[in-house]
Amino acid sequence: MIFKAFGVMLLVLAVRRFWKMSLKVEIYKKGYINRPGPCRNVLPIETGSEDIALASNGIAFISSGFKNYCEHASDPRNKLFVGRIYKFDFNMPNEDAVEVNLPNELGEYFNPHGVSLWQDPIKGEMRLFVANHRQEGETVEILRYNNEANSFSLVRSVRHELFTSVNDVVAVGPDSFYAANDAYIRGCWRIVEAFLGLPWCTVVYYDGKDAQIVEKGEGFNSLAVSEDGSSVFLTIPFDQQVNIYKRHKKDGSLEFNRSIEVGCTIDNVFIDHTTGDLWFGGHPSAHVLGKHIADTDAKAPSQVIRVHPKGPVDDPFSSYQLFSSFGDDGELVSGSSSVALYKNRLLIGTIVHKAAICEINTVRN
Ligand SMILES: *[C@@H]1O[C@H](CO)[C@@H](O)[C@H](O)[C@H]1NC(C)=O
C-alpha cells in the first residue's frame, strides 16, 4: 500500500514537473519583428556573440565561438567553432567588429562563455574576465587589454574545484569576481540534472585568493553588479526571472532581496548605469531555441527585454515597468543571448549566430 501511494506521488510529481516545464519552453510562441530603429548585422560575426561587456568609453567586448557542453544536442558544425573575443566601437557604429589578439598562453582550444569588464577607476586599466570551458577544467581567465596593440595579455588563469560549469562571471575588483555555475554536471547528463530540478547550480565568490559558495539553486545563468557594487543580479532563464541580492562587500556574501518575473526566457543581463535599467537578451521560445542549437540553420526568435525601476533610490525595484525593446523572427539575429546599450544604440548578441546593431530612436521612458 505504501509503495502504491509512493508510486502515485512520484507520478503526480513527474506530471507536474513536465507540465511546468512544457509551459516554460513556450512550444507555440513566435518571434515578432520589432525594430527600435534601423538595424544591421555586425560583420564578421557568424559563430556566436554569447556575451558582451561594455567599457565606459563605448568599446564593447564580445565573446564568440561558444562550443556547447553536449555535442549530441548541438549542430555538428558547433564543435569546429573558433573561440574569439571581438571588439565593437559604439563611437564608430558603421564599422565592423574587430578581433582582439589573445595571449599565446591560452593555447589552441579557447571556449569563451560569459565575459565581464573591470576598469581601474584611476589608472583606467581594463581587465576582461572570461569564463573559459577549457578541456582540462573550468577556468576564469583574467586578461589585460592593450588598446594600441589590439591585444590581451594574461594576468592569471583562475581554477577552482567550485567552478563546475561556469556560464558567466562578474568582476568586482582587479582579481575578485562572482561566477555563476549553470549546472554541477559539465557534459550531456546535465539535462537530467535540469529535468529533475536538482538545486546544484551555484554562485561562487572568488576574493583573489579563495572561493566560496554564496548561493545555491536551480537554473542559474548570468550575473551583473550595480555600479556601486551593492546589488547583484542573477538570471534564472527557465523561471523567467531575475533575482536581486544585497551584496555584503566585507565577505562577498549575498542576501536575497527580491525576484522580478520577466515573462521571457532571459539570458545574459546588462545594466545601463546611466538609468539603472536592466536589459536582457531573451528567447521567446526555449523549445525553438533547442532546435536552433541542434541545427543552426533552423532559426530561433529573439527578444530584448528592459526592466525600468520605478521605486525609491534605496529600493529601486520595489516597482518597475517591463519593456520589449527589440524583437526578431530569427532572420537578423537568431537566439539573442546578450545585449549592450550605449547612448542611442543597442548591440545584440546570440549564442551561436550573428550579432546586430540597432539605433534606438524611441523615447526611453
Ligand atoms: C529588500 O530591500 C529593501 C531596501 O533595502 C528592503 O526595504 C526590503 O525589506 C528588502 N526585502 C527583503 C525581502 O529583504
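Keep in mind that what you see is a predicted model, and the values were worked out from it rather than measured. (Residues numbered from 1 in each chain as written. Predicted model: local features only at pLDDT ≥ 70, side-chain atom pairs only at ≥ 80, totals over all residues.)

### Overview of helix H1 (residues 2-24)
Here comes step 1: Between its terminal C-alpha atoms H1 stretches 33 Å, which fits the 33 Å expected from 23 residues at 1.5 Å a residue.
Here comes step 2: By the criterion of burial, H1 is predominantly exposed, with just zero of the 23 residues buried.
Here comes step 3: One or two positions beyond H1, positive phi appears at Glu-26, with a value near 50 degrees. (Helix = DSSP H or I, 4+ residues; strand = E, 2+ residues; numbered from the N terminus. Expected span 1.5 Å × (residues − 1). Buried ≥ 20, exposed ≤ 12 C-beta atoms within 10 Å, placed from the backbone.)

### Comments concerning the UniProt feature "active site" (unreviewed entry) in the protein
Here comes step 1: Here, UniProt's "active site" (unreviewed entry) annotation points to His-113.
Here comes step 2: Relative to the helices and strands, His-113 is located in strand S6 (residues 112-119).
Here comes step 3: On the neighbour-count criterion, His-113 (27 C-beta atoms within 10 Å) is buried.
Here comes step 4: Residues within four places of His-113 in sequence aside, it is in contact with Glu-50, Asp-51, Ser-63, Phe-66, Ala-131, His-133, Val-166, Asn-167 and Asp-168. (UniProt positions renumbered as here; feature names shortened; annotations may be inferred. Contact = placed C-beta atoms within 7 Å.)

### Topic: the environment of Ser-176
Here comes step 1: Inspection of the secondary structure assignment puts Ser-176 in the loop between strand S10 (166-171) and strand S11 (177-181).
Here comes step 2: Classification of Ser-176 as partly exposed rests on a count of 16 C-beta atoms within 10 Å.
Here comes step 3: In sequence terms Ser-176 and Asp-207 are 31 residues apart; their C-alpha atoms lie 4.6 Å from each other.
Here comes step 4: Setting aside its immediate chain neighbours within four residues, Ser-176 contacts Tyr-206, Asp-207 and Gly-208.

### Structural notes on the pairing of strand S17 (residues 254-261)
Here comes step 1: Of all eight residues in S17, zero are buried; the element is thus mostly exposed.
Here comes step 2: Looking at chain direction, strand S16 (residues 241-247) and S17 are connected through seven bridges and run antiparallel. Of the residues in S17, the one forming a bridge with Ile-244 is Arg-258. (Pairing = 2+ DSSP bridges.)

### Considering the sheet that holds S17
Here comes step 1: Across the sheet, four strands lie side by side as S14-S15-S16-S17; this open sheet has antiparallel pairing. Only two strands of the sheet have a single neighbouring strand rather than two, namely strand S14 (223-225) and S17. With direction set aside, neighbouring strand axes in the sheet form an average angle of 25 degrees.
Here comes step 2: Sheet topology note: the strand S15 (residues 231-236)/S16 ladder contains six bridges and is antiparallel. (Axes fitted to C-alpha atoms, helices over the stretch in contact; angles between N-to-C directions.)

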